[in-house]
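Inside the fold
For reference, the chains in residue letters:
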Amino acid sequence: MKIRTRYAPSPTGRMHVGNLRTALYAYLIAKHENGDFLLRIEDTDQGRLYEGATDLIYRTLADTGLKHDEGPDVGGPVGPYVQSERVKAGLYQKYAEELVAKKEAYYCFCTQERLDSLRQEIDGKEVMVYDKHCLSLSEEEVQAKLQAGEPYVIRQNNPREGKTVFHDELYGDIEVDNAELDDMVLIKSDGYPTYNFANVVDDHLMGITHVVRGNEYISSTPKYNRLYEAFGWEIPVYIHCPLITDEEHKKLSKRSGHSSFEDLVEQGFLSEAVVNFVALLGWSPEDNREILSLTDLVDCFDYHRISRSPAVFDYQKLRWMNGEYLKAMGPEKFRSLSLPILRETLPGFADDAEKLTKIAAMVQSRVEILPDIPDMIRFFAVLSDYDTEIYRNKKMKTDETTSLHVLKELLPFLEEAEDYTNDAIYAALSEWIREHGYKNGYVLWPLRIALSGQATTPCGATEILEMLGKEESLDRIRKGVSMLGG
RNA sequence: GGCCCCGUGGUCAAGCGGUCAAGACACCACCCUUUCACGGUGGUAACAUGGGUUCGAUUCCCGUCGGGGUCACCA
């Protein structure tokens, strides 16, 4: 049997990383077995529709490489793939009425006020269990109300006694008392189906074999199974994925600032790195590999190895992983990715392709995310004010006094030197240092500080000399000398 | 609160009755070095807890504690 999985988002905004991971796992489960991965848009909540959200879903799927075989934009044999279009065909209404005929569902005319009176607050949380009030309506009463045009919903009719068991591939058999199952709404008063109903109907009609979804649906799964059974449909394989939480072990929220794929991309993360990272949140391969491309993942993904416990989204590790991707890419690719940032940060170098290439190379091995670059290289353009304290370095045996001395001693030599290319100036400088009986760091440390105004730079002192050129370099050294009281 | 799920270092995460309890991020130290970073080496750090079952439990069972999810005409 060919595996068919689906990603069924509701077009309400950006793609949450939890949803992204669910989509990824659904994709991997299907593709590992050469199955189909489909996209279905669940737009049954008219109030929450968000302009452009569907396009955002297409774009995110494309950016992450989760290519769907069937969907609204690419078509397929079991369409339409947008639920609002299926509503127009009367699909859900038809199936709901079938359930009513089987006494597995019933019309409910209760007003919002009556429903509200059923609500109660427990531990600060609002809880409501419907009391089956409308189940007792006679067929004549129902017809009369329907004829009168009274607004209604259709509710599932769940038993009060007995137990319902369902099987999840990760969690095993889960047994629930039927008393826990409330009569959930299947068709809303606006004629649209609820997620709960549309999901079951469509998964069946679209031939979904493995239902992959978040953990939060686990407690409503028995109700879905009762639906499948009422229709006489085959129950799919369930795979409920564990939650992704923030550092506080709470559900990842917009407040954490990195809850959606787009947030992360805006923060400078590579989509490959995000996909890789998210794949490892709740799953691990048999071997120890951590850097895995999407095709690697397809190859080795075994859903039985998905974890059952929630995972904390570790921003630090994502940064590290992004850096691994940056370091692993070819210098050409890195250069083209970083070029716009380089140009913007260093307008004076914007036309000097050679220097920009060198700077890109310097930065490639030290950057975790591209937006870190400006702070690392800004000193090439402007020398900021700095604290002379950074001239002090225990290991190099330097302080303000020795630095002042060395810098003054060095100045005439650098004024005389003509060739400021790195190799040449480094050779000449090394010679000078040897002649004076100094250690490299004793001289190079203060020189680098004077040139950059920073304790850490993406390159050594002589590379800065080359970048700045003779005149600017000498200016900065003189400024250092005066700052040190010389 | 009812029901359900989860519980290995700070975090991710191997383990699936017998291990000195892997590995990665972070952290620390050292090496390398023209600073930082990269790279290399080493280190600190964990089986929530109490009972069982067993010759033997991180691993199986039960209780406790802790965390999370869910109880909508949202998905």
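Residues numbered from 1 in each chain as written. Chains lettered and ligands numbered in written order. Predicted model: local features only at pLDDT ≥ 70, side-chain atom pairs only at ≥ 80, totals over all residues. Heavy atoms only, no water.

**Things to note about the sheet that holds strand E6 (residues 153-156)**
Taken together, three strands build an open sheet; the order of strands is E3-E6-E9 and the sheet is antiparallel. Looking along the sheet, the strands with just one partner apiece sit at the ends: strand E3 (105-108) and strand E9 (185-187). Taken over all neighbouring pairs, the strand axes of this sheet differ in orientation by 40° on average, direction set aside. Judged from the four bridges that link them, E3 and E6 form a sheet pairing that is antiparallel. (Pairing = 2+ DSSP bridges. Helix = DSSP H or I, 4+ residues; strand = E, 2+ residues; numbered from the N terminus. Axes fitted to C-alpha atoms, helices over the stretch in contact; angles between N-to-C directions.)

**Structural notes on the packing of helix H4 (residues 91-101) against helix H8 (residues 221-231)**
Interaxial distance between H4 and H8 falls to 10 Å at its minimum, and their mutual angle equals 80°. Judged by the angle between their axes, H4 and H8 are roughly perpendicular. Facing Tyr95, Glu98 and Leu99 of H4, the residues of H8 in contact are Leu227, Ala230 and Phe231. Residue composition of the contact of H4 with H8, grouped by class: five nonpolar, no polar and one charged. (Parallel < 35°, antiparallel > 145°, perpendicular 65-115°, else oblique. Contact = heavy atoms within 4.5 Å. Nonpolar A, V, L, I, M, F, W, Y, C, P; charged D, E, K, R; others polar.)

**Quick word on the nonpolar core**
Nonpolar side chains in soluble globular proteins tend to end up buried together. Core analysis: the biggest nonpolar cluster contains 104 residues, and Phe380 and Leu447 have the highest contact counts within it. Residue contributions to this core peak at ten residues, all from helix H1 (residues 17-32). Cys108, Phe197, Val201 and Tyr224 belong to the second-largest nonpolar core, a separate cluster that totals 43 residues. (Core = buried A, V, L, I, M, F, W, Y, C linked by side-chain atoms within 4.5 Å. Buried < 20%, exposed > 50% of the residue type's maximum accessible area, 1.4 Å probe, protein only.)

**Concerning unusual backbone geometry**
The phi torsion of most residues other than glycine is negative, and most of the peptide bonds are trans. The residue after Gly79, namely Pro80, is reached through a cis peptide bond having omega -5°. If you trace the backbone, Pro80 turns up in the loop between helix H2 (53-64) and helix H3 (83-88). For Asn34, which is not a glycine, the phi torsion comes out positive at approximately 60°. With respect to the helices, strands and loops of the structure, Asn34 is situated in the loop between H1 and strand E2 (36-39). By relative accessible area, which is 65% here, Asn34 ends up exposed. A positive phi angle is found at Lys132, which is not glycine, with a value near 60°. Mapped onto the secondary structure, Lys132 falls in the loop between strand E5 (125-128) and helix H6 (139-147).

**Overview of the environment of Glu435**
Summarising the element assignment, Glu435 is placed in helix H17 (residues 422-435). Considering only alpha carbons, one finds Glu435 and Phe231, 204 residues apart in sequence, at a separation of 92 Å.

**What about H8?**
Of all eleven residues that make up H8, ten are buried, and the element is covered over most of its length. What H8 keeps buried is the set Thr221, Pro222, Lys223, Tyr224, Asn225, Arg226, Leu227, Tyr228, Ala230 and Phe231. Looking one or two places after H8, you find Gly232, whose phi comes out positive at around 80°.

**Some remarks on the protein's contact with RNA strand B**
In the vicinity of RNA strand B there are 63 residues, among which Lys188, Lys250, Glu290, Arg366 and Thr462 approach most closely. For RNA strand B, the backbone portion of the atoms within 4 Å of the protein, that is sugar and phosphate, comes to 64%. At 3.1 Å from a sugar or linking oxygen of RNA strand B is found a side-chain nitrogen or oxygen belonging to Glu180. With four residues, the top contributor of residues to the surface near RNA strand B is helix H12 (residues 315-328). Tallied by class, residues from the surface near RNA strand B come to 25 nonpolar, 17 polar and 21 charged. (Near = heavy atom within 4 Å. Polar contact = N/O pair within 3.5 Å; in protein donor to acceptor, adjacent residues only side chain to side chain.)

**Some details on the confidence of the model for chain A**
Model confidence for chain A is summarised by a mean pLDDT of 95, while 100% of its residues fall at 70 or above. With a pTM of 0.95, the predicted complex shows an ipTM of 0.95. (pLDDT = per-residue confidence, 0-100.)

**Comments concerning the pattern of salt bridges**
Using the criterion set out here, one finds 38 salt bridges in the structure. Ionic pairing is found between Glu126 and Arg119, a salt bridge with its closest N-O pair at 3.9 Å. Taking the relative accessible area as the measure of exposure, Glu126 reaches 59% and is therefore exposed. Owing to a relative accessible area of 32%, Arg119 belongs among the partly exposed residues under this scheme. One network of salt bridges, in which partners are shared, links Arg6, Arg40, Glu42, Arg86, Asp202 and Asp203. (Salt bridge = Lys/Arg side-chain N within 4 Å of Asp/Glu carboxyl O.)

**Observations concerning the packing of aromatic side chains**
In total, this model carries 19 aromatic pairs according to the counting rule given. For the ring pair Tyr25 and Phe301, a centre distance of 5.2 Å and an interplane angle of 40° mean the geometry is tilted. In this pair, Tyr25 is assigned in helix H1 and Phe301 in the loop between helix H11 (294-300) and strand E13 (311-312), connecting sequence segments 276 residues apart. Between Tyr95 and Trp233, the ring centres sit 5.5 Å apart and the planes meet at 70°, which makes this aromatic pair edge-to-face. Taken together, the positions of Tyr95 in helix H4 and Trp233 in the loop between H8 and strand E11 (237-241) put the pair 138 residues apart, joining distant regions of the chain. Grouping residues by exposure puts Tyr95 and Trp233 together as buried. Through a chain of ring-to-ring contacts, three or more aromatic side chains come together here, namely Tyr95, Phe197, Phe231 and Trp233. In this structure, Lys94 packs its charged tip against the face of Tyr95, placed 4.6 Å from the ring centre. When the ring centre of Tyr130 is taken as origin, the NZ or CZ atom of Arg155, which lies over that ring, is 3.8 Å away. (Phe/Tyr/Trp six-rings, centres within 6.5 Å; stacked < 30°, edge-to-face > 60°. Lys NZ or Arg CZ within 6 Å of the ring centre and 35° of its normal.)

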